[in-house]
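Close look at the chain arrangement
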Amino acid sequence: MRRRPASPRASRKREPILKHFGNLPGRRPGLRLAAVAAAALVLASCGGGGGAGDASSGTASSGSYATTSASGATSASVSTASSVSSNGWNTTASTTSAVPVQYASAVTLVSAPVSADGWTVCASEGEVCTVPSARQVRYGSNGSYAYQSVSESIPCNNAAFSNPASSLRKSCEYAPDNAATVSGTVFSRANSGRVLSVGPGKPFSRPCDAFAAASNGDTIEIDAAGSYNGDVCPIYPDDLTIRGVNGRPHIDAAGNQSGGKGTWVVKGMRTLIDNVELSGAAVPDRNGAAIRLDGIHLTLTNSFLHDNENGILTANDYTSDIVVEHCEFGHNGYGDGYTHNLYIGRISSLTFRYNYSHDANAGHNLKSRAGTNTIAYNRFSSTPYGVAGTTASGQPSYEIDLPWGGNSVIIGNVIEQPADNSNSNILAYAEEGVNDSNLQSLYVVNNTFLNHAGSGQFLMIGGGVTKPVFLQNNVFAGPGGIITQGSAIQRNNYASMSPAFINAASYDLHPAPGAPFIGAGAAAGFTLTGQALNPVFEYVHVAGSTARPVRSPIDIGAFAAR
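Here the structure is a predicted model, which means the values were calculated and not measured.

Considerations on the overall build of the protein
- A tally of regular secondary structure across the protein gives three helices and 46 strands.
- Counting the 562 residues in the protein, one finds 60% classified as buried.
- Within the protein, counting contacts between residues at least 6 apart in sequence, those at least 24 apart form 67% of the total.
- As displayed, the protein offers around 20200 Å² of accessible surface, 50% of which is attributable to carbon and sulfur atoms.

Spelled out as structure tokens, the structure:
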């Protein structure tokens, strides 16, 4: 039996994860994986709608391709000659273009399951529930539910709803369109109604003074006019809200640290941190964090964490639900490949959306060992050397690293590998092994991948993953192999050395008029647990979002045509 390690560490001398697994991949750019045996499994997805588009139109270069299901329509005329490619896909030559159309075997149609009382399952615990319109969402199991009113989406976890059914596996369901509001207990964070103000002329001159005086459910408001350099401490109360006001306050650790762990060491439960800037976290073992989570559950919004040894570092509690939204992470990492913009330990779930994570200093732009990961509508990239940015340029290893797998949905992101990098792989999944055989489902839908290096691998999948990865409606720009897993289900993806974007140099990655990936996608349906895979937002720089236009057939990539 695999021993549960303690908190994820980055020190060469005191890293239990490293002792168990050996050096992290950031130190092994030449990592080789065992070949993946072909699996006779069928991953459920929704077919329907949309084909590959006209393969002869637009600006697709040699080597580009689109994919479609066997029943999906395509406007490219085809001959009757076909062959089987090395990855097991049937290839039919197009009579109008050298670009082949590939199709997979039929896959199972999955619709969102509906309960006996008409509520529709939208997510399992740890995933994200997206509603078709403003609805009430319930979270729980076996008749014990918490309710929230939702207009767009909500994480399906204890942090968002509390825990109405302890020790049971829970799910989220949304109400029928004509349902009346349900009466009953609505679980939420405690709120004392007390506000503690920090800043010039306020009752507290520094944030840590207010944290020490706070009680459960208090709100701490930090005025951006103050100077708080060197103010580091543990934070103990539960249900604390920490909020920057009158601008964004900046706390630089300035050589100080709390308990050998970092700047703010969060010990309480359900802490919410909003609109702060944290930098300079460093400790003797080179594993310091701007926010170190030793408590349970965390929500971070509208914040900027940069130039720390880790932006966020968590314990392995197998319980926490973490939500990070509308935040920027830049140039975090000691530079040894073991510290990262974010290092999320073995927790219950991570929801990471509408964020900008860039220029990790030799580490990863996002590393998560969570059992469930929802990574949606973010930008992962780096600033070329000599170009001004919000931080110094970095040489990241992986853009996204999910080393123990997990049930993971990656949707609507811009995922870019710079020419200067510490590892040629872009997204890594279960490369350290599958921690739990029940947590190895990966869905990668409607993302735009960019590779500015001379070679590489867009998706590197560990040899222990037996479930086929589901890969649909993605744009792959630049050189490199698409995926290392031979059994992966690949549908309606588009690859080109130079896709027809409006202006790639300025990150306007909307399809240009006439681009062959306009209308070339297909509905992706739902995960096996009922989480919707249709993209409903688009990333807006910096760390923002906007509703994605609804079109049928859907456009391939993270952005719809204008």
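Notes on unusual backbone geometry
- Geometrically, the link from H541 to V542 is a cis peptide bond, its omega value of 10 degrees lying close to zero.
- Following the sequence through the fold, V542 ends up in the loop between strand 45 (537–540) and strand 46 (544–547).
- Of note, the amide linkage connecting S552 to P553 takes the cis form, showing an omega dihedral of 0 degrees.
- With respect to the secondary-structure elements, P553 resides in the segment after strand 46.

Re the nonpolar core
- W264 and L459 are the most contacted members of the largest nonpolar core, which totals 63 residues.
- Counting 15 residues, the second-largest nonpolar core is a separate cluster that includes L450, V475, Y494 and L509.

Topic: the sheet that holds strand 20 (residues 296–301)
- Taken in spatial order, the twelve strands make up an open sheet running 11-12-14-17-20-23-26-29-32-35-38-41, and their pairing is parallel. Because the sheet does not close on itself, it has two edges, and the strands there are strand 11 (195–198) and strand 41 (489–491). Each strand of the sheet is rotated relative to its neighbour by a mean of 10 degrees, with strand direction disregarded.
- In terms of strand pairing, strand 20 meets strand 23 (residues 321–325) through four bridges, oriented parallel. Residue L298 lies in a different strand from strand 23, and its bridge partner there is I322.

Here's the deal with the pattern of salt bridges
- The tally for this structure, following the rule as stated, stands at 14 salt bridges.
- One salt bridge connects D218 with R194, and the closest N-O pair in it is separated by 2.6 Å. A residue pair is termed long-range when its members are at least 10 positions apart, and D218 in the loop between helix 3 (207–213) and strand 12 (219–223) and R194 in the loop between strand 10 (171–174) and strand 11 qualify at 24 residues.
- The shortest N-O distance in the salt bridge between E221 and R243 comes to 3.5 Å. Of this pair, E221 sits in strand 12 while R243 is found in strand 14 (residues 241–245), placing the two residues 22 residues apart along the sequence.
- Its relative accessible area of 30% is what places R243 among the partly exposed residues.
- Salt bridges sharing common partners tie together K261, K267, R292 and D294.

Description of the state of the cysteines
- Applying the stated criterion across every chain yields a total of three disulfides.
- One disulfide bridge connects C122 with C129, the sulfur atoms lying 2.1 Å from each other. Between C122 and C129, the S-S torsion sits near -100 degrees, and that sign places the bridge as left-handed.
- Given a relative accessible area of 3%, C122 falls into the buried group.
- Covalent S-S linkage joins C156 and C172, the inter-sulfur distance amounting to 2.4 Å. Its S-S torsion of approximately 110 degrees makes the covalent link between C156 and C172 right-handed. Highlighted residues: C156 in the loop between strand 9 (153–155) and helix 2 (158–161) and C172 in strand 10, separated in sequence by 16 residues. The same class applies to C156 as to C172, namely buried.

Some words on the pairing of strand 11
- Side chains of strand 11 alternate between two faces, with L196 and V198 buried and V195 and S197 left unburied.
- Across four bridges, strand 11 lies against strand 12 in parallel orientation. Of the residues in strand 12, the one forming a bridge with L196 is I220.

Thoughts on the sheet that holds strand 30 (residues 379–381)
- Read from one edge of the open sheet, ten strands run 15-18-21-24-27-30-33-36-39-42, paired in parallel fashion. Only two strands of the sheet have a single partner each, and these edge strands are strand 15 (250–252) and strand 42 (494–496). Taken over all neighbouring pairs, the strand axes of this sheet differ in orientation by 10 degrees on average, direction set aside.

Regarding the side chain of E277
- Here E277 is to be found in strand 18 (residues 277–279).
- Buried charge without a salt bridge: E277, with R248 as the nearest opposite-charge side chain at an N-O distance of 5.6 Å.
- A polar contact of 2.7 Å, which involves the side chain of E277, links it to the side chain of H306.
- Among residues more than four places away in sequence, those in contact with E277 are R248, P249, H250, I251, F304 and H306.

Remarks on the pairing of strand 20
- With five of six residues buried, strand 20 lies mostly within the body of the structure.
- Bridging between strand 17 (residues 269–274) and strand 20 involves five bridges; their strand directions are parallel. Within strand 20, the residue paired with T271 across the bridge is L298.

Examining the packing of aromatic side chains
- Enumeration over the complete set of coordinates arrives at 15 aromatic pairs.
- Ring centres of F211 and W264 lie 5.3 Å apart, and the angle between their planes is 85 degrees; this geometry places the pair in the edge-to-face category. With F211 in helix 3 and W264 in strand 16 (residues 262–266), this pair connects stretches of sequence that are 53 residues apart.
- A relative accessible area of 3% places F211 in the buried class.
- With 5.7 Å between their ring centres and 80 degrees between their planes, Y354 and F537 make a pair best called edge-to-face. Taken together, the residues Y354 in the loop between strand 26 (349–353) and strand 27 (356–358) and F537 in strand 45 connect sequence positions 183 residues apart.
- Feature note: the residues W119, Y145 and Y147 constitute an aromatic cluster, connected by ring pairs.
- Positioned above the aromatic ring of Y145, the side-chain terminus of R138 is 4.3 Å from the ring centre.

Overview of the confidence of the model for the protein
- Put simply, the protein has an average pLDDT of 81, and 77% of its residues get 70 or more.
- Predicted confidence for residues 1–111 stays below pLDDT 50, and this span has 262 contacts to residues more than four positions away or in other chains.
- Across residues 180–187 the pLDDT falls below 50, and counting only partners more than four positions away or on other chains, this stretch makes 16 contacts in the model.

About the thresholds
- Residues numbered from 1 in each chain as written.
- Predicted model: local features only at pLDDT ≥ 70, side-chain atom pairs only at ≥ 80, totals over all residues.
- Heavy atoms only, no water.
- Helix = DSSP H or I, 4+ residues; strand = E, 2+ residues; numbered from the N terminus.
- Buried < 20%, exposed > 50% of the residue type's maximum accessible area, 1.4 Å probe, protein only.
- Contact = heavy atoms within 4.5 Å.
- Areas by Shrake-Rupley, 256 points an atom, 1.4 Å probe, with all protein chains shown as cover.
- Core = buried A, V, L, I, M, F, W, Y, C linked by side-chain atoms within 4.5 Å.
- Pairing = 2+ DSSP bridges.
- Axes fitted to C-alpha atoms, helices over the stretch in contact; angles between N-to-C directions.
- Salt bridge = Lys/Arg side-chain N within 4 Å of Asp/Glu carboxyl O.
- Disulfide = S-S within 2.5 Å.
- Lys, Arg positive; Asp, Glu negative; His and termini not counted.
- Polar contact = N/O pair within 3.5 Å; in protein donor to acceptor, adjacent residues only side chain to side chain.
- Phe/Tyr/Trp six-rings, centres within 6.5 Å; stacked < 30°, edge-to-face > 60°.
- Lys NZ or Arg CZ within 6 Å of the ring centre and 35° of its normal.
- pLDDT = per-residue confidence, 0-100.

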